Structures are given as C-alpha cells and as structure tokens.
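# Structure assessment
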Amino acid sequence: MMLNKRLLIVLVISLSIGLSFGQSLKTHKHITKDSVYLNYINPFYAPLELTLSPLDSTKSFVKVNPYAVLKHRDTLKNALVIPLNRVKDTSIIDSKLYINFKGNFGNPNSIVNETYRYTLPYPKGKKYKIIQTFGGKFSHNKPHSRYAVDFGMKVGDTITAARDGIVFFIKEDSNEYCKTRKCVDKGNKVLILHKDGTMMHYVHLDFEGAIVNVGDKVKVGQPIAISGMTGFTTTPHLHLVMYKSGGISIPFYFKGQKRKKLKQGKYYKRKN
C-alpha cells in the first residue's frame, strides 16, 4: 500500500431525480498515514445536491461532510473520512459500506420563471395528439410524473428543444420496453438544464436516438432527438416532464395556447 498517493477514481451512485438510475460521480481519494479521505466532484453540467450521513454501523468512526450543492466541477472536500485501519483494501473503496448517500440534480435555491412559455417539442407545422396530460390516471399520478405530457409520436419522428438550455445527461443505449414499471430505467432520454435551474426530460427516445451531445448548448426549436419506444410504455410517444431540484415535477405551459393545460385527446399544431 502506498501512502500519500492521489488517485482519481469513479464511484457509481444512484442519483434520485424523480426516477433513479446509475450515474458516475467522480471521487478523489487521498491517503495519509492514518486515514483515507474522499472528495466528491460533480462532473455534470447541472448542479448536484448531495446529502451524506454515516450508517448506524459506522457512525462511531467515520467523519462525513453532510451536505453541499455543487456546481459543475465543484468539489465537496472531505466528504468521507475513514480511519485507515477500517479499510481492508485502499484500492477499492465502496462508499455505500460507510454512508447513506442521496443525490439530486438541481439547486434548491433556484427561482423558477413561472411566466415562461415553452415551445411545442416538434418541428414547425407538425401536430400531435396528447395521449396523457397533467394528472393522467395511467402513469402521471406520482410526484415525479404528475406534471408530464405525453405526445403520441411515431418511432423515428423528430423531437425539438422546448427551450434554450444545456444538455447535461443522455441515455440512448436501450432498445427495451414493457407495459410495467419494471422497465422504467430502460427509457432512453435527453435531459436539458434551463437558465432558471429547471430541467426538462425528453423520454422514450429511440435506440441511439440522441442527436445532441452532453455539454451542447441548444436553442429552442433545435432538433435534439428521435422518438422511440423504450422504457415503461404501451405505445410510441414522447414523455415530456420538467423538474425542479429534488426530483419533483412542476407545471409548464406552451406558447399560443388559450388553455394552460393541454387537453388529452386533442391535437396541437406548432405554428411558430
């Protein structure tokens, strides 16, 4: 074992953003003669809210830096400190053996622009049927999905950005779907951060259906993805939902619509 050596490792942790899925959180490890220090680094373009606490079995000997909101590339220093004599192998340290970890995308101090009106998420002149809207009984009945809209798009249709923002996460490696929640994590998606801290999720995309990259700055109306049928779904569609920090869905409304809430069963044409 080599002491005082600095390493950069990747720790896979579940981040709760309404629906949990594995994410890569960078971790910097520093070993001294008596302790192992772990610093957590946010590699994402979205803010990351971290809450840490020791397990009942470890609280007598570990030290934890319990809370932080990290911007892109910010570091939570001394997030976890473990006595060296409590670590069997310093080359592989599983933080879950020492702490409870909760992570959410978003900054809880962000102020949502409630007056902003979004653009329908498809090319100008196209129209699509709403197959489920806010509070839909089938699947829009949980805090993470209550304010979601499902557009009945066919596989292969073009999806465009509803607002300017930066792409902070892409999943496009799935070609699976099923009619139960066991397939929730199979849904391909593009996540975009807006300047007021809100985050739009475009879900059920096609396999390799993203046409943007993480870190791209996108403009409203710009093509970003191809519609598909992946994840928890019974029919091809785009699931559009917006979050604030904490993985809570929030209402959003579209330009040019007299009714704030889009009506299930009605077709909506994008005019501009």
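Residues numbered from 1 in each chain as written. Predicted model: local features only at pLDDT ≥ 70, side-chain atom pairs only at ≥ 80, totals over all residues. Heavy atoms only, no water.

Within the structure shown, the criterion is met by 1 disulfide. Paired through a disulfide, C178 and C183 show a sulfur-sulfur distance of 2.0 Å. Between C178 and C183, the S-S torsion sits near 125°, and that sign places the bridge as right-handed. In this structure, C178 and C183 share a single accessibility class: buried. (Disulfide = S-S within 2.5 Å. Buried < 20%, exposed > 50% of the residue type's maximum accessible area, 1.4 Å probe, protein only.)

On to the pattern of salt bridges, then. Applying the stated criterion across every chain yields a total of 5 salt bridges. Where D56 meets K59, a salt bridge forms, and the shortest distance between an N and an O atom there is 3.9 Å. Like K59, D56 is exposed. With its nearest N and O atoms 3.3 Å apart, the salt bridge here joins R163 to D196. Of this pair, R163 sits in the loop between β12 (158-160) and β13 (165-171) while D196 sits in the loop between β15 (188-193) and β16 (199-210), placing them 33 residues apart in sequence. (Salt bridge = Lys/Arg side-chain N within 4 Å of Asp/Glu carboxyl O. Helix = DSSP H or I, 4+ residues; strand = E, 2+ residues; numbered from the N terminus.)

Moving on, we come to the confidence of the model for the chain. Confidence in the prediction of the chain, expressed as mean pLDDT, is 89, and 92% of residues score 70 or more. In this model, residues 1-22 is a region of pLDDT below 50 whose contacts with residues beyond four sequence positions or in other chains number 69 contacts. (pLDDT = per-residue confidence, 0-100. Contact = heavy atoms within 4.5 Å.)

What follows concerns the packing of aromatic side chains. Enumeration over the complete set of coordinates arrives at 12 aromatic pairs. For the pair F151 and F254, a centre-to-centre distance of 6.2 Å together with 85° between the ring planes defines the contact as edge-to-face. Note that F151 is positioned in strand β11 (residues 148-151) and F254 in strand β22 (residues 253-254), a separation of 103 residues in sequence. This pair shows no difference in class: F151 is buried, exactly as F254 is. Ring geometry for F252 against F254: centres 5.6 Å apart, planes inclined by 75°, an arrangement best described as edge-to-face. Exposure class is identical for F252 and F254. Each is buried. Members of the aromatic cluster, connected to one another through ring pairs, are Y116, Y118, Y122, Y128, F134, Y147, F151, F252, Y253 and F254. Sitting above the plane of the F61 ring, R86 keeps its charged end 4.0 Å from the centroid. (Phe/Tyr/Trp six-rings, centres within 6.5 Å; stacked < 30°, edge-to-face > 60°. Lys NZ or Arg CZ within 6 Å of the ring centre and 35° of its normal.)

On to the pairing of strand β8 (residues 99-105). Among the 7 residues in β8, 5 count as buried, and that is most of the element. Where strand β4 (residues 48-54) lies against β8, 7 bridges are found, and the strand directions are antiparallel. For S53, the partnering residue across the bridge sits in β8 and is N100. (Pairing = 2+ DSSP bridges.)

The next subject is the side chain of N39. Examined against the element boundaries, N39 turns out to sit in strand β3 (residues 35-41). On the basis of relative accessibility, which here comes to 14%, the residue N39 falls in the buried class. Reaching out from N39, the side chain makes a polar contact with the backbone nitrogen of N78 at a distance of 2.6 Å. With residues up to four places along the chain from it excluded, the contact list for N39 reads K26, T27, H28, T75, L76, K77, N78 and A79. (Polar contact = N/O pair within 3.5 Å; in protein donor to acceptor, adjacent residues only side chain to side chain.)

Spatially, the 3 strands line up as an open sheet ordered β6-β4-β8, and their pairing is antiparallel. Lying at the two open borders of the sheet, with one neighbouring strand each, are β6 (67-70) and β8. Neighbour to neighbour, the strand axes of the sheet diverge by 15° on average, direction disregarded. Relative to β6, β4 runs antiparallel, the two sharing 4 bridges. By the bridge assignment, L48 is partnered in β6 with L70. (Axes fitted to C-alpha atoms, helices over the stretch in contact; angles between N-to-C directions.)

Counting residues in hydrophobic clusters, the biggest one holds 34 residues, and the most contacted among them are Y40, L76, L80, I82, Y98 and F168. The element contributing the most residues to this core is strand β7 (residues 75-83), with 4 residues. The contacts of Y98, once residues within four sequence positions are left out, are P54, L55, T58, F61, V62, L80, I82, R86, V87 and I93. I159, A162, F254 and L262 belong to the second-largest nonpolar core, a separate cluster that totals 32 residues. (Core = buried A, V, L, I, M, F, W, Y, C linked by side-chain atoms within 4.5 Å.)

Time to look at unusual backbone geometry. Positive phi, close to 75°, is recorded for R73, a residue that is not glycine. By the element assignment, R73 lies in the loop between β6 and β7. A residue is classified by how much of its surface remains accessible, and R73, at 63% relative accessible area, is exposed. One non-glycine residue, H204, lies in the positive phi region at around 80°. With respect to the helices and strands, the residue H204 is situated in strand β16. By relative accessible area, H204 is classed as buried at 7%.

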